[in-house]
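Overview (structure and organization)
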Amino acid sequence: MLSTMQDVPLLISRILTHGSVIHGTSQVITWTGEGEPERRSYAEIGARTAQLAHALREDLGVDGDERVATLMWNNSEHVEAYFAIPSMGAVLHTLNLRLPPEQLAWIVNHAADRVIIANGSLLPLLAPLLPHLKPVEHVVVAGPGDRSLLAGASVQVHEYEDLIAGKPTTYDWPELDERTAAAMCYTSGTTGDPKGVVYSHRSIYLHSMQINMAQSMGLTDEDLSLVVVPQFHVNAWGVPHATFMTGVNMLMPDRFLQPGPLAEMIETQKPTHAAAVPTIWQGLLAELNARPRDVSSLTQVTIGGSACPPALMQAFDKLGMRVCHAWGMTETSPLGTIARPPAHVEAGSDVEFAYRLTQGRFPASVEARLTGPGGERLPWDGESAGELEVRGPWIAGAYYGGQGAEPTRPDDKFSEDGWLKTGDVGTISPDGFLTLTDRAKDVIKSGGEWISSVELENALMAHPDVAEAAVVAVPDEKWGERPLATVVLKEGATTEFAALRSFLADEGGIAKWQLPERWTIIESVPKTSVGKFDKKVLRRQYAEGALDVTQI
Ligand code: AMP
């Protein structure tokens with residue numbers, strides 16, 4: 001028997017319409033670096049979103065499920081793009097401005113982006129890339145920046161404000177299939193090429209509802225959320241969509257992500273909530289210690305992206321900011337778990353603190369299981385550690401295959417029965433709290449971004465004086481983790497670390513922020529029984545101080 005319920009598709013346009021009408025007076029506040037921040041109501045954003053959609057369709061000819069990319073900071077124009085592009089039926093592709101340029105170009109070409117909306121301040125990054133971006137026909141520039149950088153470019157260049165000016169402030173949003181693509185985001189390619197995760201209208205809608213639950217972020221229209229987590233990283237953890245459902249106000253830092261401006265934003269704009277990776281919080285903490293500010297408004301802080309150090313949680317507790325730890329991935333939209341302790345534990349107790357340090361509990365729509373090394377299911381006993389596999393309505397079931405190609409389901413990423421293999425190893429307690437103990441892969445997580453150890457190793461081993469090299473993640477106070485390069489030199493070679501570092505940048509094409517500062521010469525790289533680099537041994541040797549490390 002079929003239900004007698006209405007079948008109303010869960011669409012981004014419905015979130016937009018709801019937010020801009022029911023919560024029309026809520027605001028997006030964008031930091032401008034000087035003077036008053038720019039304020040735009042949800043009603044204004046609703047109108048400008050319609051204008052942007054008209055411009056994209058009528059002036060730029062965006063049609064069907066064409067991809068429109070954004071190369072933008074967190075700001076109100078980016079929120080407009082978030083709603084206009086999927087609501088009109090096109091696909092929003094957020095570009096990670098911190099990726100190495102070659103990877104960015106690969107991604108734009110793979111996604112076949114026809115339009116890029118870019119912040120003016122990012123033109124120095126975009127302009128030299130344009131000759132390599134084959135499918136791009138239009139660049140729309142928003143906000144301050146030197147337009148002359150685009151002189152002579154073979155694309156059509158538009159001014160965001162000119163483009164939307166005079167367009168109708170309403171749009172007859174199409175009634176789409178809720179399972180169609182709304183937005184896409186590429187994972188950083190730690191092994192091989194980056195992989196495209198494509199979110200549907202339905203997955204974003206359901207994920208937004210979860211974000212709004214009291215057991216997740218649970219904010220209301222009385223809140224102002226400081227959205228530090230970039231809009232190019234897993235849809236800013238779903239915050240911009242969730243806020244349009246509930247009228248939560250947003251404070252957007254634009255390009256002012258340094259601790260000083262963040263502290264000033266908090267003091268003057270008084271957000272009640274903020275979301276960011278641990279590195280941002282470490283930086284803010286140092287800033288607040290050096291120059292105390294009134295940050296008393298900020299009582300809730302969501303931390304995720306990498307593990308929250310206990311000392312950080314304690315330090316923020318002392319400042320009156322309650323940290324809530326969460327785990328997720330690009331493939332999980334991202335909310336996978338969130339650490340709200342169960343009601344029965346005593347507030348302020350050690351038991352409660354231990355719960356808060358876990359990665360958290362799975363929400364109702366995320367099913368989880370642990371798989372042991374031999375493929376066996378492991379119990380939720382808080383002790384058995386295995387690879388975490390998840391499934392649910394906002395969890396990826398495949399990667400984008402490229403235009404006209406089928407989606408891909410690599411064996412190391414998806415189980416035979418369709419669950420996502422997260423690559424994270426951990427335990428689950430009987431009451432459903434996840435604790436991550438290790439990473440299946442040896443990727444280095446620096447400031448919320450990934451550095452591929454294999455890429456660094458390969459680049460190093462291309463040097464004529466290097467026999468072997470292994471790179472491992474080592475803890476770093478500022479960035480969470482940084483790469484340690486362990487190098488075996490060829491006999492008689494005397495190359496210095498600084499020369500190797502320059503070689504990585506100049507010949508290896510390694511981005512500056514990925515270059516290792518810590519270096520050591522070893523006699524040979526320890527190997528496992530099957531001849532693979534045994535990085536566990538190197539990490540242990542480093543932790544024990546057994547390696548003679550030079551910092552440059
Ligand atoms: P990304 O797809 O870039 O968001 O990275 C996802 C990965 O970040 C996960 O697979 C984890 O390895 C790591 N991660 C995210 N949140 C946490 C957390 N709270 N604790 C530890 N690792 C995390």
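Just above, that's the structure.
What comes next is a walk through the structure.

**A closer look at the overall build of the protein chain**
Broken down by element type, the protein chain carries 16 helices and 27 strands. In terms of overall dimensions, the protein chain is globule-like: its C-alpha atoms have a radius of gyration of 24 Å, near the 24 Å expected for 552 residues. For the protein chain, the spread of C-alpha atoms along the principal axes amounts to about 70 × 65 × 60 Å. Here the protein chain holds 552 residues, and the buried ones make up 56% of them. If you take every contact in the protein chain between residues at least 6 apart in sequence, the share linking residues at least 24 apart comes to 67%. Accessible surface, the protein chain as shown: approximately 23,100 Å² in total, 52% of it carbon and sulfur. With 44 positive and 69 negative side-chain charges, the protein chain shows a spacing of 1 Å between the two charge centroids.

**Considerations on the packing of helix α2 (residues 42-59) against helix α3 (residues 76-87)**
The interhelical angle for the contact between α2 and α3, taken along N-to-C directions, is 60°, at an axis separation of 8 Å. Put simply, α2 runs oblique to α3. The handedness of the crossing between α2 and α3 comes out as right-handed. Counting all contacts with α2, which are made through Ile45, Arg48, Thr49, Leu52, Ala53 and Leu56, the residues of α3 involved are Ser76, Glu77, Val79, Glu80, Ala81, Phe83, Ala84 and Ile85. Grouping the amino acids of the contact of α2 with α3 by side-chain chemistry returns 9 nonpolar, 2 polar and 3 charged.

**Side note on the layout of surface pockets**
Any empty space left between atoms is shown by rolling a water-sized probe over those atoms. By volume, the second largest pocket amounts to about 640 Å³. Lining the second largest pocket are 29 residues, and of these Arg98, Thr279, Ile280, Gly447 and Trp479 sit closest to its centre.

**Some thoughts on the site of the ligand**
Taken together, 16 residues are adjacent to the ligand, and His325, Ala326, Thr330, Gln359 and Asp424 come closest. Within the side chain of His233, one N or O atom sits 3.2 Å away from an oxygen atom of the ligand. Contact between the ligand and His325: a nitrogen atom at 2.9 Å from a side-chain N or O atom of the residue. Against a free-state accessible area of 500 Å², the protein chains account for coverage of 94% of the ligand. Elements supplying a minimum of two residues to the shell around the ligand: β14 (322-328) and β21 (433-439). For the shell around the ligand, the element with the highest residue contribution is β14, accounting for 4 residues. Among the residues making up the shell around the ligand, the classes are represented as 6 nonpolar, 7 polar and 3 charged.

**Description of the packing of aromatic side chains**
By the definition in use, this model includes 9 aromatic pairs. Where Phe497 meets Trp519, the ring centres are 5.7 Å apart and the plane angle is 25°; that geometry is what we call stacked. Taken together, the residues span a long stretch of sequence, with Phe497 in helix α15 (residues 497-506) and Trp519 in strand β26 (residues 518-521) at a distance of 22 residues. The burial state of Phe497 is the same as that of Trp519; both residues are buried. Members of the aromatic cluster, each reached through a chain of ring pairs, are Tyr42, Phe83 and Phe244. For the cation-ring pair, Lys195 lies above Tyr399, with the distance from its terminal atom to the ring centre recorded as 5.9 Å. Of note, Arg369 hangs over the ring of Trp419, and the distance from its end group to the ring centre comes to 4.1 Å.

What counts, and where the lines are drawn
Residues numbered from 1 in each chain as written. Predicted model: local features only at pLDDT ≥ 70, side-chain atom pairs only at ≥ 80, totals over all residues. Heavy atoms only, no water. Helix = DSSP H or I, 4+ residues; strand = E, 2+ residues; numbered from the N terminus. Rg over C-alpha atoms; globule rule 2.2 N^0.38 Å. Buried < 20%, exposed > 50% of the residue type's maximum accessible area, 1.4 Å probe, protein only. Contact = heavy atoms within 4.5 Å. Areas by Shrake-Rupley, 256 points an atom, 1.4 Å probe, with all protein chains shown as cover. Lys, Arg positive; Asp, Glu negative; His and termini not counted. Charge placed at Lys NZ, Arg CZ, Asp CG, Glu CD. Axes fitted to C-alpha atoms, helices over the stretch in contact; angles between N-to-C directions. Parallel < 35°, antiparallel > 145°, perpendicular 65-115°, else oblique. Left-handed = near helix turned anticlockwise from the far one by under 90°. Nonpolar A, V, L, I, M, F, W, Y, C, P; charged D, E, K, R; others polar. 1 Å grid on protein atoms, 1.4 Å probe; cavity = no way out; pocket = protein on both sides within 12 Å on 5 of 7 lines; lining within 4 Å. Points joined across faces, edges and corners; volume = space filled by probe spheres on them. Near = heavy atom within 4 Å. Polar contact = N/O pair within 3.5 Å; in protein donor to acceptor, adjacent residues only side chain to side chain. Phe/Tyr/Trp six-rings, centres within 6.5 Å; stacked < 30°, edge-to-face > 60°. Lys NZ or Arg CZ within 6 Å of the ring centre and 35° of its normal.

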